[in-house]
Amino acid sequence: MEKFDQDSFIEEFEVMTKDARRVQQETLQRILRENGNAEYLQQFGLGGRTDPESFKACVPLCTHTELEPYIQRIVDGDISSILTGKCITTLSLSSGTTEGKPKFVPFNEELVHSTLQIYKTSFAFRNREYPIHHGKSLQFIYSGKQSKTKGGLLSSTATTNLFRSEHFKQTLKSIMSQPCSPDEVIFGSDFHQSLYCHLLCGLIYSDEVQYIFSTFAHSILHAFRTLEQVWEELCADIREGVLSSRITVPSIREAVTKLLRPNPELADSIYKKCTGLNNWYGVIPELWPNAKYVYGIMTGSMLPYLKKLRHYAGNLPLLSADYGSSEGWIGANVNPQLPPELATFAVLPDIGYFEFIPLEEKPEQDLESTASTIQYKESQPIGLTEVKVGEEYEIIFTNFAGFYRYRLGDVVKVMGFHNSTPELQFVCRRNLLLTVNIDKNTEKDLQLAVEAASNLLAKEKLEVMDFTSQVDLSTDPGHYVIYWELNAEATEEVLKSCCDCLDRSFVDAGYVGSRKVNAIGALELRVVERGTFQKILDHFLGLGAAVSQFKTPRCVGVSNSVVLQILRSNVVKNCFSTPFS
């Protein structure tokens, strides 16, 4: 196997980013040469031209909505060159947590290649800062269900498509990232059994584990909350060398049984360590003493989980993984020493062609009606090397997987440059979560409000385990509803204080003004039973999503009727705010 040369890879990255403008032009030329015969591009009259000016003049900006008719033909089995030069034979599924159902995304080997490039880049910089030696990693990764469309194409989550790629597996081995768990656990048909076995395998190889990983911070947190419940059973398995009867999937049971040997000494050590912990603080370094860090996507909707994750991680650093989407990758974390809240991502200029729409938020008087996205004054898109530090932009990308001038819908801020390529910080999604009147609150606004109210809970040794929201227009006027799942019961007085704090924490002028004149009703806080968000996760797993890519929907719309029903049927307490009454 070819050994990964960290220093050479960093040097190649440095050379490439010193001339990002030229690399961008060459990348666009390559994309258009390889895909110029695709039906989608043919309609715009490029006539073989591959320069940026012709491309921007001929090809319009697009969203997934505009591409859906083309993707649907691929789903139905049309093997012609529709979006790419080569026909698409595999499809990825988005998690579906936003709109209630997954969307299809073309997947090809070029996406595997760009994923590996992102992984190698971030690993090289991460390993320079936190060097790991030959060992294993405790990876909480899971395969989603594979299915076939009616046209006969393989369909699964993007992570599943990656995990099944032999090229991907070999690359992970070359960068010393072998997971503790065998493939049968990763590709197991039952998530709960796979999670239990991930923990068990991690404990069997506890001295060899170099870092802890999952695609999203939520999955890591979920794993250690589960550990709190099953650790004694895991100890018994290790002590006796016999796998728990809860593992019934034959392939998982057979693979893990091969790894198990009676080990009373290890079981005693784990038991002693777990019973000696104070409320599970620092459990990760205690049980995995050679782990250097905890790694996964920790930005955006993952930020609310960091406080609890730091509790489990103790003195181990949390490192945020790279920036991308189901449609394609954007940037790598080449500054791993930064905490996740400050993480930036250097755009790789050769994995796609990038444009940026400069954004300037419109003043309130420009808002004439209810909006579904934040209202910005938009300028013409500019190139990768033309962005300015401190400014906010919406990303547009063109890549090798059939997306041309694709509006991702993310707002990013340019925090600096790595040579001549920008380092981006994720700000928020452009689509609004909460809007009733002229108010416009994003996921970030919701997170800040929940964080402020959570501080009141901390005084009572309570915590928000997970949360979401909805706009309830069945009342007149409509109002915000926030759902909380707590770790223990809270008094009416505490909940009332939290509810008032939530309402005061939405500082958007449109919201405050509307509340004052009762154009938006009092905010409602609904507390749901323990396990409610697990039911939501199980619902999405049933739709074919993988835990590795699951993100709790932070706002549940009417199209997400099943999730709304789960939430409403599990409410145990509710109260309304009074700050504006």
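Up top is the structure.
Definitions and cut-offs
- Residues numbered from 1 in each chain as written.
- Predicted model: local features only at pLDDT ≥ 70, side-chain atom pairs only at ≥ 80, totals over all residues.
- Heavy atoms only, no water.
- Buried < 20%, exposed > 50% of the residue type's maximum accessible area, 1.4 Å probe, protein only.
- Helix = DSSP H or I, 4+ residues; strand = E, 2+ residues; numbered from the N terminus.
- Arc of directions from axis to C-beta.
- Contact = heavy atoms within 4.5 Å.
- Pairing = 2+ DSSP bridges.
- Axes fitted to C-alpha atoms, helices over the stretch in contact; angles between N-to-C directions.
- Patch = residues over 30% accessible without salt bridge, like charges linked within 9 Å, V, L, I, M, F, W, Y side chains within 5 Å.
- Areas by Shrake-Rupley, 256 points an atom, 1.4 Å probe, with all protein chains shown as cover.
- Salt bridge = Lys/Arg side-chain N within 4 Å of Asp/Glu carboxyl O.
- Lys, Arg positive; Asp, Glu negative; His and termini not counted.
- Charge placed at Lys NZ, Arg CZ, Asp CG, Glu CD.
- Core = buried A, V, L, I, M, F, W, Y, C linked by side-chain atoms within 4.5 Å.
- Parallel < 35°, antiparallel > 145°, perpendicular 65-115°, else oblique.
- Left-handed = near helix turned anticlockwise from the far one by under 90°.
- Nonpolar A, V, L, I, M, F, W, Y, C, P; charged D, E, K, R; others polar.
- Phe/Tyr/Trp six-rings, centres within 6.5 Å; stacked < 30°, edge-to-face > 60°.
- Lys NZ or Arg CZ within 6 Å of the ring centre and 35° of its normal.

Peer 1: What should I look at first to understand helix H20 (residues 561-569) in this one?
Peer 2: Residues spaced three or four apart along an α-helix point in a common direction, a consequence of the helix completing one turn every 3.6 residues. Turning to H20, its buried residues number three or more, namely Val 563, Leu 564, Ile 566 and Leu 567. Take H20 and look down its axis: the buried residues cluster within an arc of 160 degrees, on one side only. Among the structural elements, strand S18 (464-472), strand S19 (479-486), strand S20 (524-528), helix H19 (532-542) and strand S21 (571-576) are those in contact with the buried residues of H20.

Peer 1: I keep staring at the sheet that holds S21 and nothing clicks. Help me out?
Peer 2: Two orientations exist for strands paired in a sheet by backbone hydrogen bonds: parallel and antiparallel. Read from one edge to the other, the open sheet built from 4 strands follows the order S18-S19-S20-S21, with strand pairing classed as mixed. Every other strand in the sheet has two partners, leaving S18 and S21 as the edge strands with one partner each. Strand-to-strand twist in this sheet, taken as the mean axis angle between neighbours without regard to direction, amounts to 20 degrees. The sheet contact formed by S19 and S20 spans 5 bridges and is parallel.

Peer 1: Looking at this structure, I do not really get a negative patch on the surface. What am I missing?
Peer 2: Together, Asp 5, Asp 7, Glu 11 and Glu 12 line one region of the surface with negative charge. By the secondary structure assignment, Glu 12 is in helix H1 (residues 6-18).

Peer 1: Explain the nonpolar core here, please?
Peer 2: As a rule of thumb, nonpolar side chains are buried together in soluble globular proteins. Residues Phe 224, Ile 284 and Phe 356 are the most contacted members of the largest nonpolar core, which totals 149 residues. In terms of residue count, helix H11 (residues 217-240) provides more of this core than any other element does, 11 residues in total. Contacts of Phe 224, omitting those with residues within four sequence positions, involve Phe 140, Ile 212, Val 283, Ile 284, Trp 288 and Tyr 312. Counting residues in hydrophobic clusters, the runner-up holds 31 residues, among them Val 436, Tyr 480, Val 494 and Cys 575.

Peer 1: Please explain the pattern of salt bridges as it appears in this structure.
Peer 2: Where charged atoms of side chains with opposite charge meet at close range, the side chains can pair. Counted by the stated rule, this structure contains 20 salt bridges. Salt-bridge contacts for Arg 225 lead to Glu 463; the nearest nitrogen and oxygen are separated by 3.5 Å. Here the residue Arg 225 occupies a position in helix H11, and Glu 463 occupies one in the loop between helix H16 (443-458) and S18, the gap between them amounting to 238 residues. For Glu 463, a relative accessible area of 22% puts it in the partly exposed group. When salt bridges with common partners are traced through the structure, they connect Asp 19, Arg 22 and Glu 26 into a single cluster.

Peer 1: Just checking my understanding: could you explain the environment of Gln 210 for this structure?
Peer 2: Within the secondary structure, Gln 210 is located in strand S6 (residues 209-216). Accessibility expressed as a relative area gives 7% for Gln 210, which makes it buried. Counting along the chain gives 27 residues from Gln 210 to Asp 183, while the straight-line C-alpha distance between them is 19 Å. With residues near it in sequence (within four places) discarded, Gln 210 still touches Ile 132, His 133, Gly 135, Lys 136, Asn 290, Ala 291, Lys 292 and Tyr 293.

Peer 1: I keep staring at the packing of H19 against H20 and nothing clicks. Help me out?
Peer 2: If you want to describe how two helices pack, look at the angle between their axes and the distance between the axes. Following both chains from N to C, one finds H19 and H20 inclined at 160 degrees, their axes separated by 10 Å at the closest point. Taken together, the axes of H19 and H20 are roughly antiparallel relative to one another. Once H19 is placed against H20, the crossing between them reads as right-handed. Contacts from Thr 532, Phe 533, Lys 535, Ile 536, His 539 and Phe 540 of H19 reach H20 at Val 562, Val 563, Ile 566 and Leu 567. For the contact of H19 with H20, the class distribution of residues is 7 nonpolar, 2 polar and 1 charged.

Peer 1: Please explain the pairing of S6 as it appears in this structure.
Peer 2: A large share of S6 lies buried, amounting to 8 of its 8 residues. Here 4 bridges tie strand S3 (residues 136-139) to S6, and the two strands are oriented parallel to one another. The residue of S6 that forms the bridge with Leu 138 is Ile 212. Looking at chain direction, S6 and strand S7 (residues 293-297) are connected through 4 bridges and run parallel. Bridging from a neighbouring strand, Ile 212 pairs with Val 294 of S7.

Peer 1: How should I be thinking about the packing of aromatic side chains in this particular structure?
Peer 2: Throughout the structure, instances matching the rule amount to 25 aromatic pairs. Ring geometry for Tyr 211 against Tyr 293: centres 5.2 Å apart, planes inclined by 20 degrees, an arrangement best described as stacked. A residue pair is termed long-range when its members are at least 10 positions apart, and Tyr 211 in strand S6 and Tyr 293 in strand S7 qualify at 82 residues. With respect to burial, Tyr 211 and Tyr 293 carry one shared label: buried. Sitting over the face of the ring of Tyr 295, Arg 126 holds its NZ or CZ atom 3.8 Å from the ring centroid. Directly above the aromatic system of Tyr 205 lies the positively charged group of Lys 136, at a separation of 4.9 Å from the ring centroid.

These values are about where atoms sit, not about what they do.
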